[in-house]
Amino acid sequence: MFNNKKRKEERLNSRIPDSLAPKTYNMIIGGCLAYGFIMNAIMVFVAGNFFMNMNPMVFLIGYIVCMFGGAIMAGLSHNPIISFIGYNLIVVPVGAVLSICLPDYNPSNIIAAVLVTALITGIMIILGMMFKNFFSRLGIVLCVSLIVGIILEFIAMLLGYGGDLFNWLFVLIFSLYIGYDWYKAQAYPKTLDNAIDSALDLYLDIINIFLRLLEIFGKKD
């Protein structure tokens, strides 16, 4: 989801021969996703107080720098080591955000969000494999929908709207993004670098769904 159009075209049109078997390629994607989520869990349990006590401005600047730096490194590099460093630069600030926001939610709601997110992810990956033609056409539609949704949500916040309409909207958008990004992952040459980049796209989709579901399920009383 996070890479630009030019980079996606380069990955699709690459003449580099497949260097990984499909099973190995997909296992690397799954391994990178598992690594990212485990790192996030460790940060929540170990570094929560550190991030909550951090100066808000320093936190915000660090978050922005890491997210954009990681996206650029992973999106533009053909080197799997550089891409993995970029992946980590995104995993870390996401873990910091989770460390700050998760204490506001009941454990039962967190578990429910995890389970529903996992269910949605599994279903959308299966659908992405079954309906390749459908998902192959969703790139521009999803991008426009995401941008419009963000703008409308911002306007609604200014007007004082506090419902879950936009949370459900973004759950839908990012769910479709999982199917789309999985389809794209399978269309790319099966290289180590593409596996890491594809894992990053899916990681961001999944995290966004999880955060939106947390908002839907509600905070502590």
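Below: a short report on this structure. (Residues numbered from 1 in each chain as written. Predicted model: local features only at pLDDT ≥ 70, side-chain atom pairs only at ≥ 80, totals over all residues. Heavy atoms only, no water.)

**Points about the packing of aromatic side chains**
Under the defined criterion, the tally for this structure stands at 12 aromatic pairs. Through a chain of ring-to-ring contacts, the aromatic side chains of Tyr-35, Phe-37, Phe-84, Tyr-87 and Tyr-203 assemble into a single cluster. Here the basic side chain of Lys-190 rests over the ring of Tyr-25, its NZ or CZ set 5.5 Å away from the ring centre. (Phe/Tyr/Trp six-rings, centres within 6.5 Å; stacked < 30°, edge-to-face > 60°. Lys NZ or Arg CZ within 6 Å of the ring centre and 35° of its normal.)

**What about a nonpolar patch on the surface?**
A contiguous nonpolar patch, built from Ile-140, Val-144, Ile-147, Val-148, Ile-151, Leu-152, Phe-154, Ile-155, Leu-158 and Leu-159 and spanning about 1000 Å² of accessible area, is present on the exposed surface. In this fold, Leu-152 is placed in helix H8 (residues 139-158). (Patch = residues over 30% accessible without salt bridge, like charges linked within 9 Å, V, L, I, M, F, W, Y side chains within 5 Å. Areas by Shrake-Rupley, 256 points an atom, 1.4 Å probe, with all protein chains shown as cover. Salt bridge = Lys/Arg side-chain N within 4 Å of Asp/Glu carboxyl O. Helix = DSSP H or I, 4+ residues; strand = E, 2+ residues; numbered from the N terminus.)

**Remarks on helix H2 (residues 22-46)**
Its 25 residues place the ends of H2 36 Å apart at the C-alpha level, agreeing with the 36 Å of an ideal helix rising 1.5 Å per residue. Residues of H2 that are buried sit in contact with helix H3 (48-52), helix H5 (80-101), helix H9 (165-187) and helix H10 (192-217). (Expected span 1.5 Å × (residues − 1). Contact = heavy atoms within 4.5 Å.)

**Here's the deal with the environment of Leu-211**
Tracing the chain through its elements places Leu-211 in helix H10. As for Leu-211 and Val-171, which are separated by 40 residues in sequence, their C-alpha atoms are 9.2 Å apart. With residues up to four places along the chain from it excluded, the contact list for Leu-211 reads Leu-98 and Cys-101.

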